[in-house]
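Reading the structure
Chain residues, written in single-letter form:
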Amino acid sequence: FDAQLDVNMYWSISASALIITFKQDLSANSLIKITIPDQFGLKLPFYGVRVDDDLTVACDAKSGPVLASKFSKITPVGIFQNSSLGFLFPCVAGHQCSMQFTFVFSMQLNVGDSIALILPDFHKLNESVPLKILSFPSNAFMGCLWKNSSFQVVCALARSFPSMSEVSIQFSKDDGLFL
């Protein structure tokens, strides 16, 4: 909440809307910023938030209603769907192993976007040597690097993908990535 505004707020299940009532008059053309705290318990939709979602704001003001209009800016929040991490046998704990990561991203991915695969307790002998990868579709990534400090494989996209595209990355056991 803005410290200078006194409001009542509740979630209307029937309207699927956050209802905010101001306890004081607001001047016309005022910029109002409302932060909804975590404690309020509002959760994002399971499928994430897209910039083209039909999210609107409306007002039932005493001086006249304002019809619903789309937000001018929405920060997207995506999710991975149907993601899987598989190990290509034979695989033995504590040894190098080939693996494959497959996912469907709920939003469009663009050239230069990065995908981070976090693998706690994995390690790589030589962090500075890029990972050799196979991808489907082919040439999907510019390359992938391992970061020992955060146990992450970070891969940069070489091409764009529309939402709901399936992408797969295969890492070779010869890269020195250990289980």
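Shown above is the structure to which this text applies.
Residues numbered from 1 in each chain as written. Predicted model: local features only at pLDDT ≥ 70, side-chain atom pairs only at ≥ 80, totals over all residues. Heavy atoms only, no water.

What about the side chain of K124?
Looking at the element boundaries, K124 is found in strand β8 (residues 123-124). Among the polar contacts made by the side chain of K124, one reaches the main-chain carbonyl oxygen of V129 at a distance of 3.1 Å. Among residues more than four places away in sequence, those in contact with K124 are V129, L131, W146, N148, D175, G176 and L177. (Helix = DSSP H or I, 4+ residues; strand = E, 2+ residues; numbered from the N terminus. Polar contact = N/O pair within 3.5 Å; in protein donor to acceptor, adjacent residues only side chain to side chain. Contact = heavy atoms within 4.5 Å.)

So, the pairing of strand β2 (residues 17-22)
Both strand β1 (residues 7-12) and β2 contribute to a ladder of six bridges, which runs antiparallel. Considered in β2, the bridge of S12 is made with A17. Between β1 and β2, which pair antiparallel in sequence order, lie four residues; one of them, S16, sits at a positive phi of approximately 50°. (Pairing = 2+ DSSP bridges.)

What to know about the environment of V77
Inspection of the secondary structure assignment puts V77 in the loop between β4 (64-70) and β5 (80-88). Its relative accessible area of 33% is what places V77 among the partly exposed residues. Those residues in contact with V77 that sit more than four places away from it in its chain are L44, G48, V49 and M107. (Buried < 20%, exposed > 50% of the residue type's maximum accessible area, 1.4 Å probe, protein only.)

Structural notes on the state of the cysteines
Summed over the entire model, instances satisfying the criterion amount to two disulfides. Between the sulfur atoms of C91 and its disulfide partner C97 the distance amounts to 1.4 Å. Its S-S torsion of about -60° marks the bond between C91 and C97 as left-handed, since a negative value means left-handed. In this structure C97 comes out as buried when scored by relative accessible area, which is 1%. With its sulfur 2.1 Å from that of its partner, C144 forms a disulfide with C155. Because the torsion about its S-S bond is 115°, the bridge between C144 and C155 counts as right-handed. With C144 in strand β10 (residues 141-147) and C155 in strand β11 (residues 152-157), this residue pair connects regions lying 11 residues apart in the sequence. Under the relative-accessibility criterion, C155 is labelled buried at 2%. Taken N- to C-terminal, the disulfide-bonded cysteines of the protein chain are connected 1-2, 3-4. (Disulfide = S-S within 2.5 Å.)

Observations regarding the sheet that holds strand β12 (residues 166-171)
An order of β5-β6-β12-β9 is seen for the four strands of this open sheet, with the pairing classed as antiparallel. At either end of the open sheet lies a strand with only one pairing partner, and these are β5 and β9 (133-136). Each strand axis lies, on average, 15° off the axis of its neighbour in the sheet, ignoring direction. (Axes fitted to C-alpha atoms, helices over the stretch in contact; angles between N-to-C directions.)

Some details on the packing of aromatic side chains
Counted according to the given criterion, the structure contains five aromatic pairs. Between F80 and F103 the ring centres are 5.0 Å apart and the planes differ by 85°, which places this aromatic pair in the edge-to-face class. Linking F80 in strand β5 with F103 in strand β6 (residues 98-105), this pair joins segments that are 23 residues apart in sequence. Consider the rings of F80 and F105, whose centres lie 5.3 Å apart with planes at 65°: the pair is edge-to-face. With F80 in strand β5 and F105 in strand β6, this residue pair connects regions lying 25 residues apart in the sequence. Taking the relative accessible area as the measure of exposure, F80 reaches 37% and is therefore partly exposed. Residue F105 is classed as buried on the basis of its relative accessible area of 14%. In this structure an aromatic cluster arises from ring pairing among F80, F101, F103 and F105. (Phe/Tyr/Trp six-rings, centres within 6.5 Å; stacked < 30°, edge-to-face > 60°.)

That is the geometry; function is a separate question.
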